[in-house]
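Take a look at the letters that make up each chain.
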Amino acid sequence: MRAVVAVVRQVLSVSLYTINTLFWFFPIVLCGLLKLLPIKPWQKLMSAAAKAMAGLWVGGNSLNQKLLTPYKVTVSGLDKLRKKDWYLVIANHQSWVDILVMQRIFRGRIPFLNFFLKKELLYVPFLGLAWWALDFPFMKRTSKSQLKKNPKLRGKDIETTRKACEKFKEMPVSIVNFVEGTRYTEDKHQRQRSPFKHLLKPKAGGVAFVLQAMGEQISKIVNVTIHYPGGIPTFLDLAAGKVKEVAVHVEVLPLDKKLVGDYSNDNEFRVSFQQHLNDMWHDKDRVFDDLAKHNRS
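Treat the numbers as computed from the prediction; the structure is a model and nothing was measured. (Residues numbered from 1 in each chain as written. Predicted model: local features only at pLDDT ≥ 70, side-chain atom pairs only at ≥ 80, totals over all residues. Heavy atoms only, no water.)

## As for the layout of surface pockets
Applied cut-off: In this analysis the probe radius is 1.4 Å and the grid spacing 1 Å, with only protein atoms considered; a cavity is a set of points the probe fits into but cannot get out of, a pocket is an open set with protein on both sides within 12 Å along at least five of seven lines, and lining residues have an atom within 4 Å of a point. Grid points are joined across faces, edges and corners, and a volume is the space filled by probe spheres set on the points. Helix and strand labels come from DSSP, where a helix needs a run of H or I of at least four residues and a strand needs a run of E of at least two; each type is numbered from the N terminus. Any residue outside Ala, Val, Leu, Ile, Met, Phe, Trp, Tyr, Cys, Pro, Asp, Glu, Lys and Arg is labelled polar, Gly included; the first ten of those are nonpolar and the last four are charged.
If you add up the space inside the largest pocket, you get close to 1,800 Å³. Lining the largest pocket are 49 residues, with Trp96, Ile99, Phe116, Leu117 and Leu121 sitting closest to its centre. Those elements that place two or more of their residues in the lining of the largest pocket are helix H1 (2–34), helix H2 (40–68), helix H3 (97–106), strand E4 (117–118), helix H4 (127–133), strand E6 (174–178), helix H8 (204–214) and helix H10 (267–296). Top contributing element to the lining of the largest pocket by residue count: H1, with eight residues. Residues of the lining of the largest pocket, tallied by class, amount to 32 nonpolar, twelve polar and five charged.

Take a look at the structure:
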């Protein structure tokens, strides 16, 4: 009987996510198309309208979770956040559920979350166009092999990041970076020989490029640690109501200007930045351990 209930709940929940997404997709994309008119005040108005509708989309998803797949969210550290500010949000990454959890806890507390996406995701049906309309930055990273073949490409990534962030300078934004670059699995953890107990190794380049491009606007770093006491869930696990509890710790840090520099060409800065990020990740590993111990007790 439990299995039948889980399947029914899953079908209903996924259906509501789909209906909610399609309902808001069309007006959001319409705002994106109207934004093509080269009139700055109009573009700013359309961006604000698109983000307001995206906030309602997040609200619909959160309501779906509360009604059909309720789970307890324990959060600490939200008291220092303001909606009218620029933030860089960094987080550990275990599941696509991370995104839904962060959207739920930050809605109405900080500006709408914008994620850096791979350029290929632009072609995801419906969502790709919606992400474009919401000004999500689509990135194409230069690989080490490409740099070896063509050294002139060095510095291209920061230029791409700077152009992607240009539109964020006039309106408060929260830029999200999953610093590990991929979702955590035990297999990846072992293959990396990660020095962290619960985390993969952090990748410094993406964070450094954002800070170099937007260091003047971003005033705070929001360091998010997410733990699932019942084990790392998939989206379908969430939709089936199998997620019972999520623990989140939020730490708001002032942006140290020492973290803004030329990551591509300044070797001394690059080494210092990587060390700083590794130190943050060791602290995050301890926070994760505390969350895990607290939920076991």
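Now that the structure has been shown, we can carry on.
## Side note on empty space enclosed by the protein
Counted according to the given criterion, the structure contains one cavity of 30 Å³ or more. A volume near 50 Å³ is recorded for the largest cavity. Lining the largest cavity are Ile90, Val207, Leu211, Ile221, Leu259, Phe273, His276, Leu277 and Met280. Sorting the residues of the lining of the largest cavity by element identifies H8 and H10 as the ones contributing at least two each.

## Some words on the environment of leucine 33
Along the chain, leucine 33 falls in helix H1. Considered as a pair, leucine 33 and tryptophan 132 are 99 residues apart in the sequence and their alpha carbons are 9.8 Å apart.

## Considerations on the sheet that holds strand E7 (residues 220–227)
Which entries qualify depends on this criterion: In this scheme, strands are said to pair when DSSP sees at least two bridges between them. Comment: axis = line fitted to C-alpha atoms, over the contacting stretch for helices; angle = value between 0 and 180 degrees taken between N-to-C directions.
What the six strands build is an open sheet, ordered E1-E8-E7-E2-E6-E3; its pairing is mixed. Sheet topology places strand E1 (72–76) and strand E3 (113–115) at the edges, where each strand pairs with a single neighbour. Mean inter-strand twist for the sheet, computed between neighbouring axes without regard to direction, equals 25°. Relative to E7, strand E2 (residues 87–91) is paired through five bridges, and the arrangement is parallel. Bridge pairing in E7 places tyrosine 87 opposite lysine 220.

## Here we look at the UniProt feature "transmembrane region" (unreviewed entry) in the protein
Formally: UniProt positions are given in the numbering used here, feature names are shortened, and annotations may be inferred rather than shown by experiment.
The UniProt entry lists residues 16–37 and 121–139 under the feature "transmembrane region" (unreviewed entry), expressed in the numbering used here. Helix makes up 86% of residues 16–37 and strand makes up 0%, while its end C-alpha atoms are separated by 34 Å. In this annotation, residues 121–139 is assigned 37% helix and 11% strand; the end-to-end C-alpha distance for the span is 10 Å.

## Things to note about the pattern of salt bridges
Should their charged atoms come close, side chains of opposite charge can pair. Worth spelling out the cut-off: Salt bridge, as applied in this entry: a Lys or Arg side-chain nitrogen positioned within 4 Å of an Asp or Glu carboxyl oxygen. Exposure is judged per residue with a 1.4 Å probe applied to protein chains only, and the accessible area is read against the type maximum: over 50% gives exposed, under 20% gives buried, and values in between give partly exposed.
Per the counting criterion, the structure on display carries eight salt bridges. We note a salt bridge from aspartate 135 to lysine 35, for which the minimum N-O separation is 2.9 Å. With aspartate 135 in the loop between H4 and strand E5 (138–139) and lysine 35 in the loop between H1 and H2, this residue pair connects regions lying 100 residues apart in the sequence. The class for aspartate 135 is buried, based on a relative accessible area of 11%. Accessibility expressed as a relative area gives 10% for lysine 35, which makes it buried. Across the pair lysine 197 and aspartate 289 runs a salt bridge, and its minimum N-O distance is 3.4 Å. A residue pair is termed long-range when its members are at least 10 positions apart, and lysine 197 in the loop between helix H7 (186–192) and H8 and aspartate 289 in helix H10 qualify at 92 residues.

## Observations regarding the side chain of glutamine 217
The following threshold applies: Throughout, a contact is declared for two residues whenever any of their heavy atoms are within 4.5 Å.
Relative to the assigned elements, glutamine 217 resides in the loop between H8 and E7. Those residues in contact with glutamine 217 that lie beyond four places of it in its chain are Trp86 and Lys169.

## A word on the packing of H1 against H2
What counts here: Every angle not falling under 35 degrees, over 145, or within 65 to 115 is termed oblique; those three ranges are roughly parallel, roughly antiparallel and roughly perpendicular.
The interhelical angle for the contact between H1 and H2, taken along N-to-C directions, is 175°, at an axis separation of 9 Å. Judged on the interaxial angle alone, H2 and H1 are roughly antiparallel. Taken together, the residues of the contact of H1 with H2 break down into 17 nonpolar, seven polar and one charged.

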